[in-house]
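Summary of structural features
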Amino acid sequence: ISILVPYIKHYMPQASIVPILLHGNLGLEESAELGRSLEKWLKNRKHLIISSVDFSHYLPLDKAEDMDKITLKAIREGDLRRIAQMDNSYIDSPPSLIALLSALKEIEADKLTVLEHSNSSLLSNENSENTTSYYTIVFHK
């Protein structure tokens, strides 16, 4: 969250922040319940939920692109079971993504806009065999 906090402070200086760190082995049901609980707790309050996760890891760029497409498809379809089975080749924190998608389902924010998709190899202009991918996605009604 250290990368995100300065932006939140700058653009929303009055915001309160409640960081939640999830262990990677949190199961599908616990992750989904967390998301549902978050939304119940936040109901009727102004809020923003940010899930900061990296996508594919340790792959060459072309393979990372393929894995990212699979992950984005699962996100678009809300396929929580598929996401729960993903490893670092797809995403580094399936529980975080599952909790987010479950919270969004509660408020019927079922549309998404991909603002950015990139990869460490592209950002650094180096052709590396061990990359990390990134998406910036906004969910809305």
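Residues numbered from 1 in each chain as written. Predicted model: local features only at pLDDT ≥ 70, side-chain atom pairs only at ≥ 80, totals over all residues. Heavy atoms only, no water.

**A short note on the packing of aromatic side chains**
Per the counting criterion, the structure on display carries 1 aromatic pair. Between the aromatic rings of Phe55 and Tyr135, the centroid separation amounts to 4.8 Å while the plane-to-plane angle is 65 degrees, which identifies the pairing as edge-to-face. Here Phe55, found in the loop between α2 (28-42) and β1 (57-59), pairs with Tyr135, found in strand β3 (residues 131-140); they are 80 residues apart in sequence, far enough to count as distant. (Phe/Tyr/Trp six-rings, centres within 6.5 Å; stacked < 30°, edge-to-face > 60°. Helix = DSSP H or I, 4+ residues; strand = E, 2+ residues; numbered from the N terminus.)

**Concerning the nonpolar core**
Grouped together as the largest cluster of nonpolar side chains are 23 residues, with contacts concentrated most on Ile75, Ile83, Ile91 and Leu97. Of all the secondary-structure elements, those providing two or more residues to this core are α2, α3 (61-77), α5 (94-106) and β3. Dropping the residues within four chain positions of it, Ile75 is found in contact with Phe55, Ile83, Leu97, Leu101, Leu112, Ile137 and Phe139. (Core = buried A, V, L, I, M, F, W, Y, C linked by side-chain atoms within 4.5 Å. Buried < 20%, exposed > 50% of the residue type's maximum accessible area, 1.4 Å probe, protein only. Contact = heavy atoms within 4.5 Å.)

**What about the sheet that holds β3?**
Here we have 3 strands laid out as an open sheet, ordered β1-β3-β2, and antiparallel in their pairing. Strands with a single pairing partner mark the edges of an open sheet, and in this sheet they are β1 and β2 (111-119). Between one strand axis and the next, the sheet turns by 35 degrees as a mean value, whatever way the strands run. In terms of strand pairing, β2 meets β3 through 8 bridges, oriented antiparallel. Bridging across to β3, Ser118 finds its partner in Tyr134. The sheet strands contacting α3 are β1, β2 and β3, and the helix crosses β3 at an angle near 25 degrees. (Pairing = 2+ DSSP bridges. Axes fitted to C-alpha atoms, helices over the stretch in contact; angles between N-to-C directions.)

**Here's the deal with α2**
Over its 15 residues, α2 runs 21 Å from end to end, which matches the ideal 21 Å to within 8%, given 1.5 Å per residue. Listed in full, the buried residues belonging to α2 are Leu28, Ser31, Ala32, Gly35, Leu38, Glu39 and Leu42. Seen end-on, α2 carries its buried residues on one side only, within an arc spanning 120 degrees. Turned more than 90 degrees away from the buried face of α2 sit Lys40 and Trp41, all of them exposed. Residues of α2 that are buried make contact with α4 (80-84) and α5. Of the residues one or two after α2, Asn44 is the one with positive phi, at around 65 degrees. (Expected span 1.5 Å × (residues − 1). Arc of directions from axis to C-beta.)

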